[in-house]
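Here's the letter readout for the chains.
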Amino acid sequence: MSAVLVVEDEAAIAELISLNLRHAGYEVTLASSAEQAQAAIDKVLPDLVLLDWMLPGQSGLQLALRWRGDPRTRGLPVIMLTARSDEADKISGLDAGADDYLTKPFSTKELLARIRALLRRQAPEAVNTTVEVSGLRLDPSTHRVTRRMGETALEVKLGPTEFRLLHFFMAHPERVYSRAQLLDRVWGDHVFIEERTVDVHIKRLREALGPVQCAPLVETVRGAGYRLTPLPDGQAI
Ligand code: CA
């Protein structure tokens, strides 16, 4: 289930959006000002933000700019909501870092379509397609991880957290993620989880990948975090 933060000061609109999103299966958090939105973001990163341009105090545009300037929130998918339909405003909204832009009034159908499209672009791990790196295959629909070794495919037994962790890494190869980013993206709500928990699960994941010779896929990047790197060609089966 994807988590959406709705930042909207007009209570009636906020309620209507959140009702429709919950009905469509999203987990919704509401914020009615830039300060509340920032507090929510500091606590847990949502999968997507619906951000109203016109907010009391700091505007949605300023908030989007601030998020783009912070490494933790740089990749946060943002759809800007606005009553303005000027082309110039649309351009400044997108320049500020919004990924998409919706002019009020909009239909629920359009809003949901834009959200789905943006989530698909941003989070390949949320899609039920099989991912494969260096002969290691992960199928989200059957929850199976296998590696072909010669004539047979060996199955890798993983706990639920290791499965999600591996899925996330395989969907984002070659990119380094800090422990805090992994907690955000793999665990979701991490308020009460310590960063060293990540190390524990990385260790378990490597142990599980050992029998199929894939433990070296998960690299430690000193001072930065972890990264999944495909094995050198010779080692891929
Ligand atoms: Ca407003």
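All figures in this text were calculated on a predicted structure; none of them were measured in a lab.

Draft legend 1. The environment of Val6, seen in detail. By the element assignment, Val6 lies in strand β1 (residues 3-7). Each C-alpha atom, one on Val6 and one on Gln181, is 21 Å from the other, the two residues being 175 residues apart in sequence. Residues contacting Val6, with those up to four places away along its chain left out, are Ile17, Leu21, Val28, Thr29, Leu30, Ala31 and Leu50.

Draft legend 2. The arrangement of the sheet that holds strand β8 (residues 144-149) in detail. Sheet architecture is open: four strands sit in the order β6-β7-β8-β9, paired in antiparallel fashion. Looking at which strands have only one partner, the edges of the open sheet turn out to be β6 (131-133) and β9 (152-156). Taken over all neighbouring pairs, the strand axes of this sheet differ in orientation by 25° on average, direction set aside. Bridge count for β6 against strand β7 (residues 136-139) is three bridges, and the pairing is antiparallel. When the sheet's bridge partners are listed, Val133 is paired in β7 with Leu136.

Draft legend 3. Structural context of the packing of helix α6 (residues 160-171) against helix α7 (residues 179-187). Orientation of α6 relative to α7, taken along the N-to-C sense of each, is 110°, at an axis distance of 10 Å. Considered as vectors, α6 and α7 are oriented roughly perpendicular to each other. Contacts between α6 and α7 involve Thr161, Arg164, Leu165, Phe168 and Phe169 on the former and, on the latter, Leu182, Arg185, Val186 and Trp187. Here the residues of the contact of α6 with α7 are counted per class, giving six nonpolar, one polar and two charged.

Draft legend 4. Representation of the nonpolar core within the structure. If you look at the biggest cluster of nonpolar residues, it comprises 30 residues, and the most contacted ones within it are Leu136, Leu165, Leu166, Phe169, Met170, Leu182 and Leu209. Here this core gets six residues from one element, more than from any other, and that element is α6. With residues near it in sequence (within four places) discarded, Leu165 still touches Leu182, Val186, Trp187, His201, Ile202 and Leu205. In terms of nonpolar packing, the next biggest core, distinct from the first, is built from 21 residues, Leu45, Leu61, Leu76 and Ala96 among them.

Definitions and cut-offs
Residue positions are given per chain, counted from 1 along the sequence in the order it is written. At least 70 in pLDDT is required for a residue's local features to be given in this predicted model, at least 80 for side-chain atom pairs to be given and counted, and no such filter applies to totals for whole chains, interfaces and linings, which use all residues. Water and hydrogen atoms play no part in the side-chain values, which are based on all heavy atoms of the structure. Secondary structure counts use DSSP, requiring at least four H or I residues in a row for a helix and at least two E residues in a row for a strand, with both numbered from the N terminus. Between two residues, a contact is recorded if the distance between any of their heavy atoms is within 4.5 Å. Two strands are counted as paired when DSSP detects at least two bridges linking them. Between N-to-C directions, angles span 0 to 180 degrees; the directions come from axes that are lines fitted to C-alpha atoms, helices contributing only their stretch in contact. Each angle is binned into one of four classes, with values under 35 degrees roughly parallel, values over 145 roughly antiparallel, values of 65 to 115 roughly perpendicular, and all other values oblique. Any residue that is not Ala, Val, Leu, Ile, Met, Phe, Trp, Tyr, Cys, Pro, Asp, Glu, Lys or Arg is counted as polar, Gly included; the first ten are nonpolar and the last four charged. Residue types Ala, Val, Leu, Ile, Met, Phe, Trp, Tyr and Cys, when buried and joined through side-chain atoms within 4.5 Å, form a set referred to as a nonpolar core. The rule is simple: take the accessible area with a 1.4 Å probe, protein chains only, and divide by the maximum for that residue type; under 20% is buried, over 50% is exposed, in between is partly exposed.

So yeah, pure geometry; function would need other evidence.
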